[in-house]
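Overview (structure and organization)
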Amino acid sequence: MKNAYVYLHNGFADWELGYVLPEIARPSLKMGGPDELKRNTFPVKTVSIGKQPVTSMGGLKVVPDFSLEEISSREAAILILPGGESWQNPQNNAGIAEKIQAFHEQKIPVAAICGAVISLARLGILNSIKHTGNNVEELKENAKDRYQGEALFQKQNAVIDQGIITAGGVHPVDFAVEVMKTLNLYDPPVIDGWYNVFKG
């Protein structure tokens, strides 16, 4: 079975994972009626640089399952990148850039939310695909001339194009929906109902 890998770093935005990870991992969905059986379920595996313990923005301490060096696209269903302020410093995330590029080249979905979208901009991945994020100015400021995708920036809560999912940090529900669709977790009407419950 392939894994849903989640890259964690000190100061990661824990709330941005709160909707998506339970839906990936749990075997069924209960929304007031009979349980909705899932089409797919994936083990959620956390990853950090050197397998070092990390602390989220909310103070949640996590001991990751793997180091970056231990994972490969062969065992991956998706790579999920939560946001956080550390993405603004490229030195803090140099190790993950190689994995992002490799996964993308192997057509493994990559899902980035909030500040994590900056990493995709620095790699030039967003120069040829539709995408969104916190705002286009953040991408231009942090990625400099490596980001040439301003014309493809979409004023939407979440966007998927060519296996790349992007979302603004205040839209974790929309982010979760795009991941759920990409991984084919439920029938589309079930995903729509889930969205209506959590988005109100």
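A brief report on the enclosed structure follows.

1. Here we look at the packing of aromatic side chains
Under the defined criterion, the tally for this structure stands at five aromatic pairs. Each ring, one from Y7 and one from W87, has its centre 5.8 Å from the other, and the planes form 65°; the classification is edge-to-face. Taken together, the residues Y7 in strand β1 (residues 3-7) and W87 in the loop between β8 (76-81) and α2 (94-105) connect sequence positions 80 residues apart. A relative accessible area of 1% means that Y7 is categorised as buried. Residue W87 is classed as buried on the basis of its relative accessible area of 0%. Relative to F198, the ring of Y19 has its centre 5.5 Å away and its plane inclined at 80°; by these criteria the two rings are edge-to-face. One end of the pair, Y19, is in the loop between β1 and α1 (20-25); the other, F198, is in helix α6 (residues 188-199), with 179 residues separating them in the sequence. Linked through ring pairs, Y19, W194 and F198 together constitute an aromatic cluster.

2. Section: the side chain of N3
Of note, N3 is situated in strand β1. Contacts of N3, omitting those with residues within four sequence positions, involve P43, K45, E75, A76, A77 and I78.

3. Considering the side chain of S48
For S48, the location among the structural elements is in strand β4 (residues 44-48). The class of S48 is buried, set by a relative accessible area of 1%. Excluding residues that lie within four positions of it along the chain, S48 makes contacts with Y7, L8, V54, P64, F66, S67 and L68.

4. Remarks on helix α5 (residues 172-182)
Most of α5 is tucked away: nine of the 11 residues are buried. Of all the residues in α5, the buried ones are P172, V173, D174, F175, A176, V177, E178, V179 and M180. Buried positions along α5 lie against α1, β8, β9 (110-113), β10 (158-161), β11 (164-167) and α6.

5. Focus: the sheet that holds β1
Read across the open sheet, the seven strands follow the order β7-β4-β1-β8-β9-β11-β10; overall the sheet is mixed. Looking at strand neighbours, the two that pair on one side only are β7 (66-67) and β10, the edges of this open sheet. In the sheet, β4 pairs with β7 via two bridges, with the strands oriented parallel. Residue pairing for β7: S48 is matched across the bridge by S67. On top of the sheet, α2 reaches β1, β8, β9 and β11; it is set at about 140° to β8, its chief contact.

6. So, unusual backbone geometry
At K51, a residue that is not glycine, the phi angle is positive and equals roughly 60°. Positive phi is not limited to glycine here, since C114 has a value of about 60°. Tracing the chain through its elements places C114 in the loop between β9 and α3 (117-122). We classify C114 as buried; its relative accessible area is 16%.

7. Topic: the environment of T41
Tracing the backbone through its elements, the reader meets T41 in the loop between β3 (36-37) and β4. For the pair T41 and T132, spaced 91 residues apart in sequence, the C-alpha separation works out to 27 Å. Every residue in contact with T41, bar those within four places of it in the chain, is listed here: M1, I24, A25, R26 and P27.

Cut-offs applied
One numbering rule holds for all chains: residues counted from 1, following each sequence as written. It should be noted that, the model being predicted, local features are given only for residues of pLDDT at least 70 and side-chain atom pairs only at 80 or more, the latter also being counted only at that level, while totals for whole chains, interfaces and linings use all residues. Calculation of side-chain values draws on the structure's entire complement of heavy atoms; hydrogens and water are dropped beforehand. For Phe, Tyr and Trp, where Trp contributes only its six-membered ring, two rings pair if their centres lie within 6.5 Å, and the inter-plane angle classes them as stacked under 30 degrees, edge-to-face over 60, or tilted in between. Per the convention used, a helix needs a DSSP run of H or I reaching at least four residues, while a strand needs a run of E reaching at least two, with both numbered from the N terminus. Relative accessibility thresholds used throughout: buried, under 20% of the residue-type maximum; exposed, over 50%; partly exposed, between the two (1.4 Å probe, protein chains only). Any two residues whose heavy atoms approach within 4.5 Å are treated as being in contact. Two strands qualify as a pair provided DSSP detects at least 2 bridges between them. In this description, a line fitted to the C-alpha atoms serves as the axis of each element, helices being fitted only across the stretch in contact, and the angle between N-to-C directions of two axes falls anywhere from 0 to 180 degrees.

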